[in-house]
Structures are given as C-alpha cells and as structure tokens.
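Here is how the chains run, residue by residue.
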Amino acid sequence: MSNNVVWHHTNIKKEDRETLLKQKAVALWFTGLSGSGKSTVANAVEKKLFEAGRATYLLDGDNIRHGLNKDLGFATEDRIENIRRIAEVSKLFIDAGIITLTAFISPFIEDRNQVRSLLGDRFIEVFVDCSLKTCEERDPKGLYKKARAGEIKNFTGIDSPYEKPTHPEITVSTDGEGVEECADKIISYLVTNGYTRGGDLEI
C-alpha cells in the first residue's frame, strides 16, 4: 500500500495531511472471546474519535478471526501471513497520524506480541472482558450451538485457543458496563496517555 491509498480510504483532504502527520497515533487491538462485544465497542470508539475530528481506520478483524480455525479452511501459514499484513497496514496508518482500530485479529499472545514488537508503545491491547454465558447469549449466527454440536471444532469460546492477555493496557467489561461506557473509558485512556496531540477530545 502507498500513502495515497491511506489518504484515499480515510477521505483526508490534502490540506489536512500536514496537521495529521504531527498527531500521535496508535493501533488499538480489541481482543476477547467471541460475543464479548469487541466489534461493537471498537465501532463506538471509532465513532467518538471521528466526531472529535481524529482520523481513524477500523479494520474488520472478526472475518480474519474465523480464518484462524482450521476447520473453516485456514492453515497456520494463512494466520501468520494475515497477522503480518495487518501489522504492516497498522504501522502505515499510524505513521500517517491515523488511529487504527482492529477487533480480534488473533487470539494468540505470540501473534499479538509480534505486532507489539513492531509498533512498540504505539500498540494498545484493549481486552474486552465478558462471561461465557453472556457470549453464548450474543450468538446471532448460532456458532456456539454448532460448536457444542461438534460441527465446528476448536471454536473460540468453546474449546478455545484464545489466550487472555497477561498485561493488557486497558480492560473494559461489557458485562458490567454499556458499550458507550466502555468506549468512554478507552478514550479517557487515550487522553491520559497523550494520544490526542493535535486536537483535544471531549467525552
């Protein structure tokens, strides 16, 4: 990808690029069990950042997440290649002053640490905590039911390969908090840690 593609996808006006390049950007990786509300929280954060005038890019990680299950046709090599590509895209966006949000790209600590080593302190792991019971209730596609019936093996949340982060930068819970509250908590973290340089955020 080139910088031109980044600017095009995020609809950044040419005259605004210089200002954006001076801003501090970060990649937020939303991780947690299937049904924990990762994508919903990520969308809420993206909306608030956009309304506050920050350039954001939301990567749809859930589709890639399903590819981590070999039963659905993806091999380990595919997973590693996906992680590498997403990491490169995240770095490209960050270098352009764009906050990048990804939802559950990989359930494996090793994969997330590889991205962390590339992005350094510009990597923030947002752990979206949620009980298994609540996750099962948020199952519009019936994936949990299929997993329980043995139709999908090694499904995240049932026979789970998911590795909970040891030291996430921030944890929110969609069990005890609403989506908006979770989003506000994450944005407060960004404000406190200086990821809003170039424009203040109000929540």
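Conventions we followed
- Residues numbered from 1 in each chain as written.
- Predicted model: local features only at pLDDT ≥ 70, side-chain atom pairs only at ≥ 80, totals over all residues.
- Heavy atoms only, no water.
- Phe/Tyr/Trp six-rings, centres within 6.5 Å; stacked < 30°, edge-to-face > 60°.
- Helix = DSSP H or I, 4+ residues; strand = E, 2+ residues; numbered from the N terminus.
- Buried < 20%, exposed > 50% of the residue type's maximum accessible area, 1.4 Å probe, protein only.
- pLDDT = per-residue confidence, 0-100.
- Contact = heavy atoms within 4.5 Å.
- Disulfide = S-S within 2.5 Å.
- Salt bridge = Lys/Arg side-chain N within 4 Å of Asp/Glu carboxyl O.
- Core = buried A, V, L, I, M, F, W, Y, C linked by side-chain atoms within 4.5 Å.

## Some thoughts on the packing of aromatic side chains
- All chains considered together, the criterion is met by two aromatic pairs.
- Here Trp29 and Phe123 contribute two aromatic rings whose centre-to-centre distance is 5.7 Å and whose plane-to-plane angle is 55°, an arrangement assigned as tilted. Residue Trp29 is found in strand E1 (residues 27–31), and its partner Phe123 is found in strand E4 (residues 123–129); the two are separated by 94 residues along the sequence. Here Trp29 and Phe123 have matching classes, each one buried.
- Arranged with centres 4.3 Å apart and planes meeting at 65°, the rings of Tyr57 and Phe93 form a pair that is edge-to-face. Residue Tyr57 is found in strand E2 (residues 56–59), and its partner Phe93 is found in helix H5 (residues 76–95); the two are separated by 36 residues along the sequence.
- We classify Phe93 as buried; its relative accessible area is 0%.

## A short note on the confidence of the model for the protein
- The predicted model of the protein has a mean per-residue pLDDT of 75, with 67% of residues at 70 or higher.
- For the protein, helix H4 (residues 61–66) is the element with the lowest average pLDDT, namely 48, and strand E5 (residues 170–173) is the one with the highest, namely 94.
- Confidence over residues 1–5 falls short of pLDDT 50; this stretch has seven contacts with residues more than four positions distant or in other chains.
- Taken as a whole, residues 62–73 scores under 50 in pLDDT and shows 27 contacts with residues more than four places along the chain or in a different chain.

## Description of the state of the cysteines
- The full count for this structure, using the stated rule, is zero disulfides.
- In this structure Cys182 is not part of a disulfide, and its nearest cysteine sulfur, from Cys130, lies 9.7 Å away.

## With respect to the pattern of salt bridges
- Taken as a whole and judged by the stated rule, the model has nine salt bridges.
- A salt bridge links Glu180 to Lys48, with the nearest nitrogen and oxygen atoms 3.1 Å apart. Note that Glu180 is positioned in helix H9 (residues 179–192) and Lys48 in helix H3 (residues 38–51), a separation of 132 residues in sequence.
- For Glu180, a relative accessible area of 46% gives the class partly exposed.
- Relative accessible area serves as the criterion here: at 22%, Lys48 is assigned to the partly exposed category.

## Digging into the nonpolar core
- In terms of nonpolar packing, the biggest core is built from 22 residues, with Leu28, Phe30, Val45, Ile124, Val126 and Ile186 touching the most fellow members.
- At the level of secondary structure, the elements contributing two or more residues to this core comprise E1, H3, strand E3 (99–103), E4, E5 and H9.
- Not counting residues within four places of it along the chain, the set of residues in contact with Val45 comprises Phe30, Leu101, Ala183, Ile186 and Ile187.
- By size, the runner-up hydrophobic cluster in this structure holds 17 residues, among which are Leu59, Ile83, Val89 and Phe123.

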